[in-house]
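Listed below, chain by chain, are the residues.
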Amino acid sequence: MSEDLERLEAYTYLTVPERGTYLAIMRLFSASLMTDLSAQQVVEAVDGLPLDTAVSRLNQLVAWGNLLPSSHSVRVKSIEEYQRTRSRYQLSPLGERVQRQVDEVLASAETAREISRELLGLVATGLAALSELLEDPGGADMVRARDTVAAVFAQFWQFRDSVRDFYAYLGQVLARYDLDGSEYAGFKNLLLDYVESITEEVVLLSPRIQHHLRRIWPHLDGLLERLDEGGLAEAAKDLGVVVQRTRGHSLDDWVALRAWFEDTGGRRSEVNQLRDATLRALQSLLANAKRMIRSSGQATSRRRDLLRLAAWFDAADAGTAADLFTAAFGLYGSRHLGLAADAEAVVPATDSWWSRPAVTVPVALRERGERAARGRPGGIVDRSAQQRLLVEQAAAAQDARVRAAAELLSAAADLSAVRLSGPAMQLLLELMAQALGAGDPAAGTAVTVSIDLGLRCELIAKPGHALTLRSAGGDFTAEDLAILIAGHEPDIAGREPGSAGRESGGAGREPESAGRETGSADREPASAHHEPGNAGREPDSASREPGSAAREPEQPESEQPEPERTGTELTESGRG
């Protein structure tokens, strides 16, 4: 029972505020057979639908059971196209049936469905022919029997649905108590002519149909067994697939057909219920006739009162007419309370007050006419819990990226030999997009570095090479490209090791960094402060590296060319 109720979630998209968007998406999928669409294709077909919103709506329809993720393979030419088309969707059997019912309801709303009376006569003729086939001593011709069963049940089901729809519309109309003379006359003719003819047709043909069903019933089990031969039910018998049979191929369909014309199991037949519904319709019509006669005799119409009110308006001045209008209809003018309008809310003067949002009036001003608020002001809201939650979410996202980077580094030797996780595949696609934006793989400039993850990605042109990356979200093939993933440790000083002309660093540097040239006398205090062990040395000897005695004399600071410094060097020099 719970599983059956869960299937009703497929109707949820018709009850949410965004049902217009959901209905447009479902009609797009049900427009043709086996439609397979991506979120980008849905955005292009539905006006005013952003891509993020389309992805959210499609995933929600999957959760409700209306859509299914598609497993069709696609071929793309770029990473951007792959990200747009990697998630594809198709219509589920339940979603297709629900959408078909929705379209039928919307197409037939507030309309009277005509009853095809000739269908009942065709049903009686078909049952008579089928009973003759089954009673044939030489055995029934199953080709003719199968065709006859299909025709009989198609005609009967259409007749049954049209009868129910028509009587539902008739009951809705006759429940009204505002019918005027012309409407009453029209519905009276409808009941006396059309409904009476339908009822007479049903009463005339019901005994014949009952007689033919009694003749068919002893042969029904054998007929049903032979009807399934060569069909889908027989082919799927050993596969465990539940097949919904054609009308008339199951015992329940025949029981429902017989119950429509005969009383079975203590339940009245549909023919008797049709007679009762016709009788109730006639009673409702008589009740409307009595109401119209009673209202005309007792003068309950307000026409005379409205004419008198119109005469008062015609003779009154402007002030009296306003008071008379207020007293008659209870409509009062607006009260101007002097509230400041919202500066960001621009409301055109042509807009109706009915559709515009109401202005919020403070309780003190609305009830007591006071602008000053009573009581103590409210305390400051403690948002520390929300802040901690945001910090935890950011830390979790960063941890996921770090784990994804570690996974890429572990698989860097051969990316095609492992199956990457979703976050790792997403990070790799992000690095590839940044590398392609930074340069050309053919020129060797398609390189990107992630400082926070310590990761370096380089794309190299390799004609004729195809690299297939597998992940939980699908496979990705990069053609004519090779991907190199390596770790990256940033240089603190922002320079390559071994470069000349470096400034002095901190005490934690390598020994050769202590011998960097200071350049002038005014830098000695900074060098002495940074390296306490050099306080007693001469400026020239303390700043030279071993083996530098043959260097040329240093130029004055004003003439010596200043080496190019990075932002890290300037920061460290300033600390000295």
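Residues numbered from 1 in each chain as written. Predicted model: local features only at pLDDT ≥ 70, side-chain atom pairs only at ≥ 80, totals over all residues. Heavy atoms only, no water.

## A word on the environment of Ser56
Right, so step 1: With respect to the helices, strands and loops of the structure, Ser56 is situated in helix 4 (residues 51–64).
Right, so step 2: On the accessibility criterion, Ser56 (41% relative accessible area) is partly exposed.
Right, so step 3: In sequence terms Ser56 and Ala39 are 17 residues apart; their C-alpha atoms lie 9.4 Å from each other. (Helix = DSSP H or I, 4+ residues; strand = E, 2+ residues; numbered from the N terminus. Buried < 20%, exposed > 50% of the residue type's maximum accessible area, 1.4 Å probe, protein only.)

## What about the sheet that holds strand 2 (residues 67–69)?
Right, so step 1: If you walk across this open sheet you meet the three strands as 1-3-2, and the pairing is antiparallel. The open sheet has two edge strands with one neighbour each: strand 1 (36–38) and strand 2. Looking at each pair of strands side by side, their axes are set apart by 40 degrees on average, direction ignored.
Right, so step 2: As judged from the three bridges shared by strand 2 and strand 3 (residues 88–91), these two strands associate in the antiparallel manner. When the bridges of strand 3 are listed, Leu67 appears paired with Leu91.
Right, so step 3: Along the sheet, helix 2 (residues 19–29) contacts strand 1, strand 2 and strand 3; its crossing angle with strand 3, the most-contacted strand, is approximately 80 degrees.
Right, so step 4: Where helix 4 meets the sheet, its contacts fall on strand 2 and strand 3, and the angle it forms with strand 2 comes to roughly 105 degrees. (Pairing = 2+ DSSP bridges. Axes fitted to C-alpha atoms, helices over the stretch in contact; angles between N-to-C directions. Contact = heavy atoms within 4.5 Å.)

## Overview of the side chain of Arg215
Right, so step 1: Mapped onto the elements, Arg215 comes out in helix 9 (residues 181–216).
Right, so step 2: Within the structure, Arg215 has its side chain in polar contact with the side chain of Glu135 (distance 2.8 Å).
Right, so step 3: Setting aside its immediate chain neighbours within four residues, Arg215 contacts Ser131, Glu132 and Glu135. (Polar contact = N/O pair within 3.5 Å; in protein donor to acceptor, adjacent residues only side chain to side chain.)

## Some remarks on the confidence of the model for the protein chain
Right, so step 1: Averaged over all residues, the pLDDT of the protein chain is 75; the fraction at 70 or higher stands at 71%.
Right, so step 2: Every residue in residues 494–576 is under pLDDT 50, and counting partners more than four places away or in other chains gives 67 contacts. (pLDDT = per-residue confidence, 0-100.)

## Focus on a nonpolar patch on the surface
Right, so step 1: A cluster of nonpolar side chains, Leu5, Leu8 and Tyr11, forms an exposed patch at the surface whose accessible area comes to about 280 Å².
Right, so step 2: Mapped onto the fold, Tyr11 is located in the loop between helix 1 (2–7) and helix 2.
Right, so step 3: Looking at Tyr11, the relative accessible area reads 32%, which means it is partly exposed. (Patch = residues over 30% accessible without salt bridge, like charges linked within 9 Å, V, L, I, M, F, W, Y side chains within 5 Å. Areas by Shrake-Rupley, 256 points an atom, 1.4 Å probe, with all protein chains shown as cover. Salt bridge = Lys/Arg side-chain N within 4 Å of Asp/Glu carboxyl O.)

## Details of the pattern of salt bridges
Right, so step 1: Considering all chains together, one arrives at 14 salt bridges under this definition.
Right, so step 2: Between Glu132 and Arg215 there is a salt bridge, with its nearest N and O atoms 3.1 Å apart. Highlighted residues: Glu132 in helix 7 (residues 117–134) and Arg215 in helix 9, separated in sequence by 83 residues.
Right, so step 3: Across the pair Arg258 and Glu262 runs a salt bridge, and its minimum N-O distance is 3.2 Å.
Right, so step 4: Linked through salt bridges whose partners overlap, the residues forming this network are Glu132, Glu135 and Arg215.

## Notes on helix 15 (residues 318–329)
Right, so step 1: Over its twelve residues, helix 15 runs 16 Å from end to end, which matches the ideal 16 Å to within 8%, given 1.5 Å per residue.
Right, so step 2: Immediately beyond the C-terminal end of helix 15, within one or two residues, lies Gly330, with a positive phi of roughly 70 degrees. (Expected span 1.5 Å × (residues − 1).)

## Side note on unusual backbone geometry
Right, so step 1: A positive phi angle is found at Asp480, which is not glycine, with a value near 60 degrees.
Right, so step 2: Position of Asp480 among the secondary structure elements: in strand 7 (residues 474–487).
Right, so step 3: Residue classification places Asp480 among the partly exposed residues on the basis of a relative accessible area of 40%.

## Focus on helix 6 (residues 93–107)
Right, so step 1: With 15 residues, helix 6 ought to run about 21 Å at 1.5 Å a step, and its terminal C-alpha atoms sit 21 Å apart, in line with that.
Right, so step 2: Within helix 6, the full set of buried residues consists of Gly95, Val98, Gln99 and Val102. Projected onto a plane normal to the axis of helix 6, the buried residues spread over an arc of 95 degrees and lie on a single side. In helix 6, the exposed positions angled more than 90 degrees off the buried face are occupied by Pro93 and Ala107.
Right, so step 3: Buried residues belonging to helix 6 abut helix 2 and strand 3. (Arc of directions from axis to C-beta.)

## Structural notes on the environment of Ala400
Right, so step 1: Structurally, the position occupied by Ala400 is in helix 17 (residues 384–410).
Right, so step 2: Take Ala400: its relative accessible area is 26%, and that puts it in the partly exposed class.
Right, so step 3: In sequence terms Ala400 and Ala424 are 24 residues apart; their C-alpha atoms lie 8.9 Å from each other.

## Focus: the pairing of strand 6 (residues 455–471)
Right, so step 1: Of the pairings in the sheet, the one linking strand 4 (residues 419–420) to strand 6 comprises two bridges and is parallel in character. Across the sheet, Leu420 pairs through a bridge with Ser471, a residue of strand 6.
Right, so step 2: Across four bridges, strand 5 (residues 447–450) lies against strand 6 in antiparallel orientation. When the bridges of strand 6 are listed, Val449 appears paired with Arg456.
Right, so step 3: Between strand 5 and strand 6, which pair antiparallel and follow one another directly, the connecting turn spans four residues, one of which, Gly454, has a positive phi of 65 degrees.
Right, so step 4: Where strand 6 meets strand 7, 13 bridges bridge the pair, whose relative direction is antiparallel. Paired with Leu469 across the strands is Phe476, a residue of strand 7.
Right, so step 5: Counting the residues in the hairpin turn of strand 6 and strand 7 gives two residues.

## So, the packing of helix 2 against helix 6
Right, so step 1: In the contact formed by helix 2 and helix 6, the axes pass within 10 Å of each other and the chain directions differ by 110 degrees. Here helix 6 runs roughly perpendicular to helix 2, going by the angle between their axes. Remark: the crossing between helix 2 and helix 6 carries left-handed chirality. Of the residues in helix 6, those in contact with Leu23, Met26 and Arg27 of helix 2 are Gly95, Gln99, Val102, Asp103 and Leu106.
Right, so step 2: Of the residues belonging to the contact of helix 2 with helix 6, the class tally is four nonpolar, two polar and two charged. (Parallel < 35°, antiparallel > 145°, perpendicular 65-115°, else oblique. Left-handed = near helix turned anticlockwise from the far one by under 90°. Nonpolar A, V, L, I, M, F, W, Y, C, P; charged D, E, K, R; others polar.)

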